[in-house]
Amino acid sequence: MKLLIVNGPNLNMLGKREPEIYGSQTFEDYFSKLQFKFTETELSYYQSNIEGDLISKLHEGDEGFDGIILNGAAYTHTSVGLGDAVASINTPVIEVHISNTFAREEFRHHSYLSKYVKGIIIGFGLKGYDLAIENFLMRD
Ligand code: DQA
């Protein structure tokens, strides 16, 4: 099983950024733990603060991956282009948000991605990525 994790803007700041919301762990540390936990799964990780680069990565992820775990971060709520990119690929996508976006500002309640994804995991902290991997490993 080959899975691609794609993280959007400001998620490179995890560990430093608003730790009361996002926790104090860097994504790199967390990703090493994921690799250690899911040894049978080939995990790749990509982060960008640039909308077009995220779109291009999703296009690339249409070949050679069994699933994509996408945290579009702020672009989730603003980017028609990111939503169109998810719609344009056949690889199944699970949308993840670390925080419970519905318990936050109203502008975080709408997602341009959700209509096109296999499922959504919101508000379980970084554990949400574990849950998404476990879902891809489950047989339908
Ligand atoms: C986020 C929630 C978004 O509203 C926010 O812009 C982020 C992170 C989350 O994982 O909780 O950057 O996607």
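So, a few notes on the structure that sits alongside this text.

1. What about the overall build of the chain?
Okay, so step 1: If you tally the helices and strands in the chain, you get five helices and five strands.
Okay, so step 2: Relative to its full complement of 140 residues, the chain shows a buried share of 44%.
Okay, so step 3: Within the chain, contacts between residues at least 6 apart in sequence are counted, and of these 77% link residues at least 24 apart.
Okay, so step 4: Where the 12 positive side-chain charges of the chain centre and where its 19 negative ones centre are 4 Å apart.

2. Describing the nonpolar core
Okay, so step 1: With 22 residues, the main nonpolar core has Phe27, Leu34, Ile69 and Tyr129 as its most contacted residues.
Okay, so step 2: Among the secondary structure elements, those contributing two or more residues to this core are strand 1 (2-7), helix 2 (27-37), strand 4 (93-97) and helix 5 (127-137).
Okay, so step 3: Excluding residues that lie within four positions of it along the chain, Tyr129 makes contacts with Ile5, Asn7, Leu11, Phe27, Tyr30, Leu34, Ile69, Asn71, Val96 and Ile98.
Okay, so step 4: Listed in part, the 15 residues of the second largest apolar core include Ile55, Leu70, Ile89 and Val93.

3. What to know about the pattern of salt bridges
Okay, so step 1: Per the counting criterion, the structure on display carries seven salt bridges.
Okay, so step 2: One salt bridge in this structure joins Glu42 and Lys2, with 3.9 Å as the shortest N-O distance. Of this pair, Glu42 sits in strand 2 (residues 42-47) while Lys2 sits in strand 1; the two residues are 40 residues apart in sequence, bridging distant segments of the chain.
Okay, so step 3: Taking the shortest distance from any N to any O, the salt bridge between Lys57 and Glu60 comes out at 3.2 Å. Taken together, the positions of Lys57 and Glu60, both in helix 3 (residues 51-60) and three residues apart, correspond to about one turn of that helix.

4. Points about the environment of Leu82
Okay, so step 1: On the secondary structure map, Leu82 appears in helix 4 (residues 80-88).
Okay, so step 2: By relative accessible area, Leu82 is classed as buried at 0%.
Okay, so step 3: Distance from Leu82 to Gly52, taken between C-alpha atoms, is 8.3 Å for residues 30 residues apart in sequence.

5. Considering the side chain of His97
Okay, so step 1: Tracing the chain through its elements places His97 in strand 4.
Okay, so step 2: Exposure remark for His97: the relative accessible area of 5% places this residue in the buried category.

What counts, and at which threshold
Residues numbered from 1 in each chain as written. Predicted model: local features only at pLDDT ≥ 70, side-chain atom pairs only at ≥ 80, totals over all residues. Heavy atoms only, no water. Helix = DSSP H or I, 4+ residues; strand = E, 2+ residues; numbered from the N terminus. Buried < 20%, exposed > 50% of the residue type's maximum accessible area, 1.4 Å probe, protein only. Contact = heavy atoms within 4.5 Å. Lys, Arg positive; Asp, Glu negative; His and termini not counted. Charge placed at Lys NZ, Arg CZ, Asp CG, Glu CD. Core = buried A, V, L, I, M, F, W, Y, C linked by side-chain atoms within 4.5 Å. Salt bridge = Lys/Arg side-chain N within 4 Å of Asp/Glu carboxyl O.

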